[in-house]
Amino acid sequence: MPRQCKDRIFQFRRADTDMLVLPYKYVEDIRKLPNTVASPTVAHVHNLMGSSTNMHIILCNNLHFRTLQLKLTPNLSSLTRPMQEEVNFAVEKELTQSEDEWVTVKPYHTILDLVARVSARIFLGKPVCRNAEWLEVSTQFTENVFVSLVFLRLFPMWTHGFLNWVMPSSYRGTAYVNKAKKLLVPEINRRRNAAAEGQVEPEDAKNNLLSWMMEIATPEESEASALAHLEVVMSLASIHTSQMNAVHCLYDLLAHPEHLEPIREEIRAVVRKEGPWMKWEKPAFSKLRKLDSFMRESQRFNPPTLLSMHRVLLRDARMSDGTLLQKGAHISMAVNSIQNDPDVTPEPEKFDGFRYYKLRQRAGEGHLHQFSTTQDRILNFGHGPYSCPGRFFASLEIKIILVRLLMDYEFKFKNGNERPANLRAHEFIFPNPDAEILMRARPASERLSL
Ligand code: HEM
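Keep in mind it's a predicted model, so treat the numbers as computed, not measured.

The rules we used
- Residues numbered from 1 in each chain as written.
- Predicted model: local features only at pLDDT ≥ 70, side-chain atom pairs only at ≥ 80, totals over all residues.
- Heavy atoms only, no water.
- Near = heavy atom within 4 Å.
- Polar contact = N/O pair within 3.5 Å; in protein donor to acceptor, adjacent residues only side chain to side chain.
- Helix = DSSP H or I, 4+ residues; strand = E, 2+ residues; numbered from the N terminus.
- Nonpolar A, V, L, I, M, F, W, Y, C, P; charged D, E, K, R; others polar.
- Pairing = 2+ DSSP bridges.
- Axes fitted to C-alpha atoms, helices over the stretch in contact; angles between N-to-C directions.
- Contact = heavy atoms within 4.5 Å.

Chemist: Mind showing me how you'd approach the site of the ligand here?
Modeler: Neighbouring the ligand are 27 residues, the closest being H44, H64, R311, N380 and C388. Contacts to the ligand include H44, whose side-chain N or O atom sits 3.3 Å from an oxygen atom. One of the side-chain N or O atoms of H64 is found 2.8 Å from an oxygen atom in the ligand. Of all the secondary-structure elements, those providing two or more residues to the shell around the ligand are α2 (40-47), α4 (63-72), α12 (224-255), β5 (308-313) and α18 (391-408). For the shell around the ligand, a count of residues per class yields 14 nonpolar, 12 polar and one charged.

In structure tokens, the structure reads:
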């Protein structure tokens, strides 16, 4: 962001829309605006080119948001065990067990598979979560949405209807939504019939996002095909975001290996206190303060997007300094520039994986500076009532996966290469999907005791 724009609003012109990028002095003003005045959802739908990518369903209601806030986050303790089970299943099925031979892997895909499996377990429960078609839908829908939106943003809105007809990614995206409906509508009906007949379902079939959505949906929100569609949308919101964070962490650990042993020692200390990994409950993962700090620092260096706090104004809004933002404006904030201001992050160019760990050692700050904590100038998850409702789940999921990978495997860059460079498309930043590294199993005596 240009220096002279640090305290000023600037306009960012795109073929599809003009966007106002606000300085951080307006964070509190924006945070306080209700969504009837400044809508995050309308902004997300625009950003994701919702009417061309099937994302516009989130404009119908906020069931997805409510289910995460009212059900998923409060139930994270009971979900920890199923998440670990799913990681076990995936590690045994998909990853090398060889201690002698280094094998080449593409971390983007390896970790995508792990995250998709763990998310599916929590979004659908067993056995549907292991359905290969669902795993394909939940990962490939997102990739097609991104191909479509990166392309569509290069053209004015009035051309999108036509372009939508000729883009293969658009057809594929719609085909994935239809596939999800074909898979999940019978499952929703089965669960409804079982409930009507008073059948007692196993815990796994009750404690998952789909069943919770069915439980709290109003009659207008309950149509089975709409619930199936929302499951796909939630996969988009959750899987690649968490996967990218985990891949960046892995690369950053290899690029800054001095952090690895202290993180492993922290994990061993939790094992000594809490017992084997499968016995850990959610609070055990909260004890991994060094890992948590590393995840936050890695996110600072590799944010998923340079712009966040997107809103579309549904009415005029006056800021506390008198500035008027007009109805219809699309606003956002340059979150990475804001976080990397030396007033917020001293020596921002320095990668210090334990930066936030050290801050948490200060009196009264033990609960602050966590990966999932939002602050007025740390906005990677937004800030305020409309901030990411899935961030606590993301934090736990990434930790569960990383603990297992770091304890059970060694990794190294290929041929002594450097960290694979990130890719950029518009404001989005992501790890190179084709980058390769080497991995092998650690000796059994050093792996996590399960
Ligand atoms: C590291 C991982 C993640 C990152 C960086 C991330 C980031 C964000 C950001 C920046 C927002 C917008 C906040 C705003 O408007 O102020 C958001 C919204 C949202 N996120 Fe996340 N997120 C992550 C993981 C997840 C997960 C795991 C889920 C689901 C379990 C999820 C579900 C959502 C939903 C439903 C919304 C709101 C959409 C709406 O307004 O309708 N996110 N996320």
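Resuming the write-up.
Chemist: How should the sheet that holds strand β9 (residues 409-413) be read in this particular structure?
Modeler: To summarise the sheet geometry, strands pair through backbone hydrogen bonds and adopt either a parallel or an antiparallel arrangement. Reading across the sheet, the three strands line up as β4-β12-β9 and stay open at both edges, with antiparallel pairing between neighbours. Whereas interior strands pair on both sides, the edge strands pair on one side only; in this sheet they are β4 (103-105) and β9. Recorded for the sheet is a direction-independent mean angle of 35° between the axes of neighbouring strands. Pairing between β9 and strand β12 (residues 437-441): five bridges, direction antiparallel. Bridge pairing links K412 to L438 in β12. Across the sheet, α18 lies against β9 and β12, angled at about 85° from β9, the strand it touches most.

Chemist: What is the right way to look at the sheet that holds strand β3 (residues 38-39) in this model?
Modeler: One open sheet accounts for five strands, arranged β1-β2-β8-β5-β3; its pairing is mixed. Two strands bound the open sheet, and with one partner strand each, they are β1 (10-13) and β3. The sheet contact formed by β3 and β5 spans two bridges and is antiparallel. Paired with A38 across the two strands is L313, which belongs to β5. Strands β2 (18-22), β3, β5 and β8 (330-333) of the sheet are contacted by α2, whose axis makes an angle of about 105° with β5.

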